[in-house]
2 protein chains.
Amino acid sequence: MTVHQASAPSVADIEKAADRLAGLAVRTPLIESPALNDRFNARILFKPEVLQRTGSFKFRGAYNRISQLSPDERGRGVVAFSSGNHAQGVAAAAGMFDVDAVIAMPSDTPQVKVANVEAMGASVIRFDRFADDRMAVVKPYMDAGRILVPPFDDPAIIAGQGTLGLEILADMERLGAALDIVVAPCGGGGLIAGLSLAVKARLTETAVWAVEPEGFDDTRRSLAADRRVANEPGHTSICDAILTPSPGEITFEINRRHLAGAIAVSDAATAQAMRDAALHLKLVVEPGGAVGLAALSSGEIDIEGKCVVVVLSGGNVDPVAYARLIAA
Amino acid sequence: MTVHQASAPSVADIEKAADRLAGLAVRTPLIESPALNDRFNARILFKPEVLQRTGSFKFRGAYNRISQLSPDERGRGVVAFSSGNHAQGVAAAAGMFDVDAVIAMPSDTPQVKVANVEAMGASVIRFDRFADDRMAVVKPYMDAGRILVPPFDDPAIIAGQGTLGLEILADMERLGAALDIVVAPCGGGGLIAGLSLAVKARLTETAVWAVEPEGFDDTRRSLAADRRVANEPGHTSICDAILTPSPGEITFEINRRHLAGAIAVSDAATAQAMRDAALHLKLVVEPGGAVGLAALSSGEIDIEGKCVVVVLSGGNVDPVAYARLIAA
C-alpha cells in the first residue's frame, strides 16, 4: 500500500523515477535554432517535450505514480482530473498496467486531448473549469475505491516530472555548456518543482524561472506574497494546459525556495512563440507549452550572452485551432 | 585541390563525413507515435531531419563538401542551385568557413527558404524551375572561378547525407529492434543513395524505398526502365523540395543496385501526412519531407508487423501555406 506523504520528493526519488521511465518515456533531446540564438543574443536550447509519449511531459509523472500502485490499488482503478495533458499521461500509464481509469476533463478541453484519452481506453467525464470544484467532481469515484492520481501536488508526480531536469543536466554536461537559466511553463507547478529540485541540487547558481499566462499568474503573485494566492475569476487565456486555480501545497513549498521568479505573458506573445517554434524549430507547440519561449521576449529575464534551456512542455492542440493561431 | 570523381562514395567516406559533422549537425533522434503504430499495425520510427540545422538533412552533405575545399577554393567562393533546402545547407556551411556563396533558387521557392538563405549571408539569384537549364544559370559563376556545390550528384554530398543512415543503424542497435524497411523522400536521389549505401553495407536484407510526388516519379520510372528517365513536363506538385528533372548519374547507379523500389504519392496523400505529423508527432514537416509517411498508406509496401524507419527530411514551409494545408 502506497502511503501518500505531503512532502517534497528527494533527488534520489527523481533518480528512481528516471530508472522506472527508462526505455518508456522518450529521451527528448535539446535542440537549438541559430536564428533564435541571434535574435536573443544568447544560446537557447529547447527541451521539446512535445515529442514525449502522449505529446507532453505529463507521462513522466503519471507513469511514476501509477507504477508504484500496489496490486490491490491497481485492481480498484484510478481517477484523475486534468485539463487534458495529465489525462493523457494517466490514460497511457494506466493502460500499460491494465488499470481502469476515469478522467474528469474541463468542458473547454481541446477535442484532440479528449479523443486521445478515450483512444487509450480511459473513460472521460466533463466538468466546468470555472464553476465546479475539481475535488468534488472526482470524490464519488474515490469513495467507490479508486485511487486519485493528482495532476501536480504529489511527491511521485513531482519526481516524475523532475526526470526532465536530470536529462537537461546530462545533456548540458555532454555539450560542455554552462546552464545559466532554465525557463518552463507553470500551471500547478509540478513540472517546475521537479525540474528545479533536480537542477538546483547540482547547480545552485542556475536561475529557474516559471512562466504563466496573464490572469493566471497565481505562482507569480504567491511568490510575491510568500504564501499561496489563488487566481481572480473572470480571466480567459488560450493556454488551456496551465490554467490552474492556485499553486499546490507541496509544489509551492518547493518553488518558493528554488525559483528565481515567475513571469506572466500575454496570449499575443504566446501565439508569436508558437509561430516561432513552427518556423525555427519545426515543432508544433500548444499555447500552454509555448509560454517559456514567449517569456524570453518579455525583457524580464536577463538572458544576453547566457545559456538558457527553455522547456516546450506540450504539443496537444487541435489542428484547426493551431492553424488559425500560427497563420494570424 | 579536391578532385571531383564521378563515382559512389564508400562507407568509409560516410564514416569520415560523420566525424566532420560531429557536434555540428544535430544528432536527430528516432521518435514514434503509438497512434500511428496502431494505425499501420507496425512499428514506425521517424527520423525527424526537420530538427536538423537549417531545417532539413541538406546541411549534412553541404558541410561535408565545403569542409573539404582547399584554401584556394574557399577564396574563390561557391555557387549552387537548389529548390531551397540545399541552398540553406550550403549557405550555413559556407558561412561557417567564411566562404562567399551565390545560390540560384527557383522562382516558386517558398519565401521562408529564400529569407533563411539571405539571412545566412549568401546572395540569391532566381531562375524558372521549368524553363531554365540549371547548369546554364550557374555557369557564369563557375567561369568566374566559383566552385559548384551540386545538390545531389556528388560523392561528398552523398556521403554527407549517408551519415543519417549511420545514425539510424546505431539507434536501432540501441533499441534492439530489427530494421526491416527504410522509407525516404527522393528528389535527385542523394539522400536515398547515401542512406541506402550506409544501411545495405551493414544490413543486406533491409528494404530501402524511395518516395516521389506523382508526376515527378523519375526514379520510379528509371528503376523500371533500368536507365535514367526524365520527368515529363506539365506537372505540378506541392512538394517543392523534391521536384528534380531526372535522377543523378552517381545517385542512380547507387540506387538501382540498392533500392527495393520507388513509390509515387499524390499531393492529397502528402497533405494528410503533414496533418498526421502535426497531430501525432508534433512536427512541422514540409510537403516534400512528408512523402515517406504518405507512402505508408499507399499499400505498396508490405509493412504489417514490420519495423519501419521513415525519414521526415525537411520542415521549411511558409507558416501561412502550412496552416492552409493542415487545416484543410
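Residues numbered from 1 in each chain as written. Chains lettered and ligands numbered in written order. Predicted model: local features only at pLDDT ≥ 70, side-chain atom pairs only at ≥ 80, totals over all residues. Heavy atoms only, no water.

1. What to know about the overall build of chain A
Part 1 of the reasoning: Per the secondary structure count, chain A includes 14 helices and nine strands.
Part 2 of the reasoning: The globule rule puts the C-alpha radius of gyration for 328 residues at 20 Å, and the 18 Å found for chain A is close to it.
Part 3 of the reasoning: In terms of overall dimensions, chain A has a C-alpha envelope of 55 × 40 × 40 Å along the principal axes.
Part 4 of the reasoning: Expressed as a percentage of the 328 residues in chain A, the buried residues total 62%.
Part 5 of the reasoning: Long-range pairs, those at least 24 residues apart, make up 74% of the contacts in chain A with a sequence separation of at least 6.
Part 6 of the reasoning: As displayed, chain A has an accessible area near 11,800 Å², and 50% of this comes from carbon and sulfur atoms. (Helix = DSSP H or I, 4+ residues; strand = E, 2+ residues; numbered from the N terminus. Rg over C-alpha atoms; globule rule 2.2 N^0.38 Å. Buried < 20%, exposed > 50% of the residue type's maximum accessible area, 1.4 Å probe, protein only. Contact = heavy atoms within 4.5 Å. Areas by Shrake-Rupley, 256 points an atom, 1.4 Å probe, with all protein chains shown as cover.)

2. Focus on helix 7 (residues 134–143) of chain B
Residue and element names in this part refer to chain B.
Part 1 of the reasoning: By the burial criterion, the buried members of helix 7 are Arg 134, Val 137 and Val 138. For helix 7, the buried positions fall inside an angular range of 85° around the axis, keeping them on one side.
Part 2 of the reasoning: For helix 7, the elements touching its buried residues are strand 2 (78–81), strand 3 (101–106), strand 4 (123–127) and strand 5 (147–148).
Part 3 of the reasoning: Its side-chain oxygen 3.1 Å from the backbone nitrogen of Met 135, Asp 133 forms the N-cap of helix 7.
Part 4 of the reasoning: In the segment just after helix 7, Gly 145 is the residue with positive phi, at about 110°. (Arc of directions from axis to C-beta. Polar contact = N/O pair within 3.5 Å; in protein donor to acceptor, adjacent residues only side chain to side chain.)

3. A few points about the environment of A:Glu15
Part 1 of the reasoning: Within the secondary structure layout, A:Glu15 lies in helix 1 (residues 11–21).
Part 2 of the reasoning: The spacing of A:Glu15 and A:Pro319 is 304 residues in sequence and 36 Å in space, taken between C-alpha atoms.

4. Brief notes about the sheet that holds strand 4 (residues 123–127) of chain A
All names here are of chain A.
Part 1 of the reasoning: The four strands are arranged 4-3-2-5 in an open sheet whose pairing can be described as parallel. A strand with exactly one partner marks an edge of an open sheet, and here the two such strands are strand 4 and strand 5 (147–148).
Part 2 of the reasoning: Bridging between strand 2 (residues 78–81) and strand 3 (residues 101–106) involves four bridges; their strand directions are parallel. Considered in strand 3, the bridge of Phe 81 is made with Ala 104.
Part 3 of the reasoning: Packing of helix 7 (residues 134–143) onto the sheet brings it into contact with strand 2, strand 3, strand 4 and strand 5, and relative to strand 2 it is tilted by some 170°. (Pairing = 2+ DSSP bridges. Axes fitted to C-alpha atoms, helices over the stretch in contact; angles between N-to-C directions.)

5. Section: the domain arrangement of chain A
Residue and element names in this part refer to chain A.
Part 1 of the reasoning: As far as domains go, chain A holds domain 1 (11–56 + 155–327) and domain 2 (59–148).
Part 2 of the reasoning: Between domain 1 and domain 2, the C-alpha centre-to-centre distance is 23 Å.
Part 3 of the reasoning: Counting residues at the interface gives 32 residues for domain 1, matched by 25 residues for domain 2.
Part 4 of the reasoning: Where domain 1 abuts domain 2, roughly 2,200 Å² becomes buried across the two surfaces, and 54% of that area is made up of carbon and sulfur atoms.
Part 5 of the reasoning: Among the residues of domain 1 in contact with domain 2, Arg 20, Thr 54 and Asp 240 are the three that bury the most area, contributing 24% of the side total.
Part 6 of the reasoning: One can count four salt bridges joining domain 1 with domain 2.
Part 7 of the reasoning: Between Glu 286 and Lys 113 there is a salt bridge, and its shortest N-O distance comes to 2.7 Å.
Part 8 of the reasoning: On the surface where domain 1 and domain 2 come into contact, there are 14 residue pairs in polar contact (both at pLDDT 80 or more).
Part 9 of the reasoning: Every element with two or more residues in the side of domain 1 that touches domain 2 is listed here: helix 1 and helix 8 (155–175). (Domains from an automatic or database assignment. Buried area = accessible area lost by both parts, 1.4 Å probe. Salt bridge = Lys/Arg side-chain N within 4 Å of Asp/Glu carboxyl O.)

6. With respect to the interface of chain A and chain B
Part 1 of the reasoning: On the side of chain B, 21 residues touch chain A, which itself brings 21 residues to the contact.
Part 2 of the reasoning: Summed over both partners, the interface of chain A with chain B comes to about 1,800 Å²; 76% of that surface belongs to carbon and sulfur atoms.
Part 3 of the reasoning: The tally of links from chain A across to chain B stands at zero salt bridges.
Part 4 of the reasoning: Counting across the interface, chain A meets chain B through six residue pairs in polar contact (both at pLDDT 80 or more).
Part 5 of the reasoning: Among the elements of the structure, helix 12 (267–281) and helix 14 (319–327) of chain A are those that each provide at least two residues to the side of chain A that touches chain B.

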